[in-house]
Amino acid sequence: MPALGPLVLPITIAVAAVGILIVLTPRLLRTGKGRQAKGVAFEMPCTVCQQRLAIPQADLEAIVGSEVALVVRECAAAQGKRLGGYRCPYCEAYHIFATDTSPPKWLVVNPFEPQLATNHCMDCRRPLQRPPWPQGEYEGRLHELKDLLPKYGLVCSRCGAICCVACCRDVTRGRTADQSLLCPRCFRGPVDKIHHF
């Protein structure tokens, strides 16, 4: 049997190197992927306040359930796409992105949340009329009002949108058994708080 003396050292080094690679490779792959996922960000201006946003893809919140339907109602291009949302840290606007592309594609802003509260209807954009009674007098009891004019503003109890009575009546059209009004922005109710300004 030939002597293996001169080959022992190179074989030992090769086996040790392979062992080290086997141990370290999975760990290096995991940390590399984590670093890459956290570091990927894209930039865009906020469409509401125009501030520059650097949005890490890992910070996009998944949009699921009924909120997907509300996004599709506002933006038909969102249908069938995986969606994610990001809130602007400057003005609180909520941006929706299609996350099945890289970088994510911006679709719409504030589809199920009101934009800044103003004295205009958030659905038809017409100016609202100031109600003559004191604040809180008819909260939750709109059915007691005989003179609920179409230009008065109502506040949605679910999303906070301020819309005129005319738009709320138009979207409701007998869809509720108790005659309560629905919100034109999120199609939920009740909308029974009067907007005072």
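Residues numbered from 1 in each chain as written. Predicted model: local features only at pLDDT ≥ 70, side-chain atom pairs only at ≥ 80, totals over all residues. Heavy atoms only, no water.

A. Structural detail: the sheet that holds strand E6 (residues 105-109). The strand order E3-E4-E5-E6 describes an open sheet built from four strands, whose pairing is antiparallel. The sheet is open, and its two borders are formed by strand E3 (61-62) and E6, each paired with just one other strand. (Pairing = 2+ DSSP bridges. Helix = DSSP H or I, 4+ residues; strand = E, 2+ residues; numbered from the N terminus.)

B. Quick look at the pairing of strand E4 (residues 83-87). Buried residues dominate E4, accounting for four of its five residues. With two bridges joining them, E3 and E4 adopt antiparallel strand pairing. Counterpart to Glu61 in the pairing with E4 is Gly85. The turn linking E4 back onto strand E5 (residues 94-98) is made up of six residues, and Glu92 within it adopts a positive phi angle of 70°. (Buried < 20%, exposed > 50% of the residue type's maximum accessible area, 1.4 Å probe, protein only.)

C. Main features of the pattern of salt bridges. Enumeration over the complete set of coordinates arrives at four salt bridges. Between Arg173 and Asp170 there is a salt bridge, with its nearest N and O atoms 3.0 Å apart. The exposed category is assigned to Arg173, whose relative accessible area is 58%. Judged by relative accessible area, which is 43%, Asp170 ranks as partly exposed. (Salt bridge = Lys/Arg side-chain N within 4 Å of Asp/Glu carboxyl O.)

D. The packing of aromatic side chains, seen in detail. Under the criterion given, the structure shown has two aromatic pairs. Arranged with centres 5.3 Å apart and planes meeting at 80°, the rings of Phe42 and Phe97 form a pair that is edge-to-face. Taken together, the residues Phe42 in strand E1 (residues 41-45) and Phe97 in strand E5 connect sequence positions 55 residues apart. Of the residues examined, Phe42 reaches a relative accessible area of 8% and is grouped as buried. (Phe/Tyr/Trp six-rings, centres within 6.5 Å; stacked < 30°, edge-to-face > 60°.)

E. Summary view of the environment of Glu144. Considering the arrangement of structural elements, one finds Glu144 in the loop between E6 and strand E7 (153-155). What makes Glu144 partly exposed here is its relative accessible area of 41%. Here Arg141 takes part through its side chain, which lies 3.0 Å from a polar atom of the side chain of Glu144. (Polar contact = N/O pair within 3.5 Å; in protein donor to acceptor, adjacent residues only side chain to side chain.)

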